[in-house]
Amino acid sequence: MWDWFINFLYAVLQGIQGFVGDWGLSVICLTIVVRLILMPLQTKSVKSTAGMQVMQPRIQEIQEKYADDPQRLQEETMKIYSEMNVNPLMGCLPMLLQMPIFFALFTVIKMVPEGSCFFSILPSISDSVSGVLAASGFVPALPYIIMDVLFGVLTFVPMMMNSQTMDPSQRQQQMIMGAVMSIMMLWFGWTCPAAVLLYYVTSSLWQVVQQQLVTKKVIAKAKADAEERAKNAPLEVNVTRREKKPRQHKKS
C-alpha cells in the first residue's frame, strides 16, 4: 500500500512538472492542490476548535464537580460534546492527513532526476542544508539556510496566531510549546531534502494567509453558533430528595 502511494505521488509530481517545467515549482503546485482538497475539512476543524473554546468553562466546571468520579466525568464531558456537536479529534485531522505526503516526499525525492532544481534559487531540491554547506560552503548554501529558517519560523507563527484567542495561561503554554517546536524543526530541517522544506513552507504560508482571510470569520461565526447552542442547552438540575422518616404515633 505504501509503495503504491509513493508511486502515485511521484506520478502526480511528474505530471505537474511536465506542465510547469520545474520540479521545485511542481512541489509548490502539489502543496496547493493538497491544501485545496483539505480546505473543507480545515473549515470543520476550525469550527470544532471554536466550539471547544466556548465549551471550556463548562468543561472546567464538571472537572471540578466530578474530580473524584472519573467515569461520571467522562460521561458528562461526552454529553457536552454531543450537545454542542463538537468532535475534539477534528482539530488534528487535517494535519494527520498531510503527514503521509510529508514523509512520502523523502522517498519520492530520491526518484526525481539528478539536479532537479527550483529555478535558480535551489540548484537541487534533493540536497539538504548540511549537504550543500559541507560540499560547497556558506554562500551556495545560503538559500537552503533561509528555507530552513522559514521552516522553523512558520512552525511558530500559526501557533502564535492561534494563541490570540486563548486565556493568558493557555497563551503562555502555547507560546512556549511553539518556541520548542520551532527549534526542533530547525534541527530537523537541517538534514531534510529541500523539496520537503519547500512543501512545508508553502503549506504553512497557505495556512497563515487562510487564517487571516478566512479562518477569523469562520471562528467568529462558529463561536456565535456555539454560544447560542450553549444557551439553549438543557440545564441540569441536581435534586436531592429528603429521606422520609416514619411518623411517630402517639400512645393512646
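Scroll up to find the structure this text is about.
Residues numbered from 1 in each chain as written. Predicted model: local features only at pLDDT ≥ 70, side-chain atom pairs only at ≥ 80, totals over all residues. Heavy atoms only, no water.

(A) Local environment of helix H7 (residues 168-189). With 22 residues, H7 should reach 32 Å at 1.5 Å per residue; the first-to-last C-alpha distance of 31 Å fits that figure. Along H7, the residues classified as buried are Gln174, Gly178, Ser182, Met185 and Gly189. Angularly, the buried residues of H7 cover 75° about the axis, an arc narrow enough to put them on a single face. Turned more than 90 degrees off the buried face of H7, the exposed positions are Gln172, Gln173, Ile176, Ile183 and Trp187. (Helix = DSSP H or I, 4+ residues; strand = E, 2+ residues; numbered from the N terminus. Expected span 1.5 Å × (residues − 1). Buried < 20%, exposed > 50% of the residue type's maximum accessible area, 1.4 Å probe, protein only. Arc of directions from axis to C-beta.)

(B) Local environment of the nonpolar core. Leu9, Val27, Ile125 and Tyr199 are the most contacted members of the largest nonpolar core, which totals 43 residues. Among the elements of the structure, helix H1 (2-20), helix H2 (23-65), helix H4 (93-108), helix H5 (129-136), helix H6 (138-162) and helix H8 (194-232) are those that each provide at least two residues to this core. Leave out the neighbours within four places in its chain, and Leu9 touches Leu30, Ile101, Ala104, Leu105 and Val108. (Core = buried A, V, L, I, M, F, W, Y, C linked by side-chain atoms within 4.5 Å. Contact = heavy atoms within 4.5 Å.)

(C) Structural context of the side chain of Gln17. Among the secondary structure elements, Gln17 is positioned in helix H1. What Gln17 contacts, discounting residues up to four positions off in sequence, is Asp22, Trp23 and Ser26.

(D) A look at the packing of H5 against H6. Two numbers describe how H5 lies on H6: the axes approach to 8 Å, and their chain directions differ by 170°. The angle between the axes of H5 and H6 places the two elements in the roughly antiparallel class. The interaxial crossing formed by H5 with H6 has left-handed handedness. Here Val129, Val132, Leu133 and Ser136 of H5 come into contact with H6, specifically with Phe138, Pro140, Ala141, Tyr144, Ile145 and Asp148. Considering only residue class, the contact of H5 with H6 consists of eight nonpolar, one polar and one charged. (Axes fitted to C-alpha atoms, helices over the stretch in contact; angles between N-to-C directions. Parallel < 35°, antiparallel > 145°, perpendicular 65-115°, else oblique. Left-handed = near helix turned anticlockwise from the far one by under 90°. Nonpolar A, V, L, I, M, F, W, Y, C, P; charged D, E, K, R; others polar.)

(E) Geometry of H4. For H4, built from 16 residues, the straight-helix expectation of 22 Å at 1.5 Å per residue is met to within 8% by its first-to-last C-alpha distance of 23 Å. At Met99, H4 shows its maximal kink, close to 25°; a proline, Pro100, follows between one and four residues later. Along H4, the residues classified as buried are Pro94, Gln98, Ile101, Phe102, Ala104, Leu105 and Val108. (Bend = angle between axes of the 7 residues up to and from the residue.)

(F) Molecular detail of unusual backbone geometry. Positioned with a positive phi, Phe119 is a non-glycine residue whose angle comes to about 50°. Turning to its location among the elements, Phe119 is positioned in the loop between H4 and H5. The partly exposed category is assigned to Phe119, whose relative accessible area is 46%.

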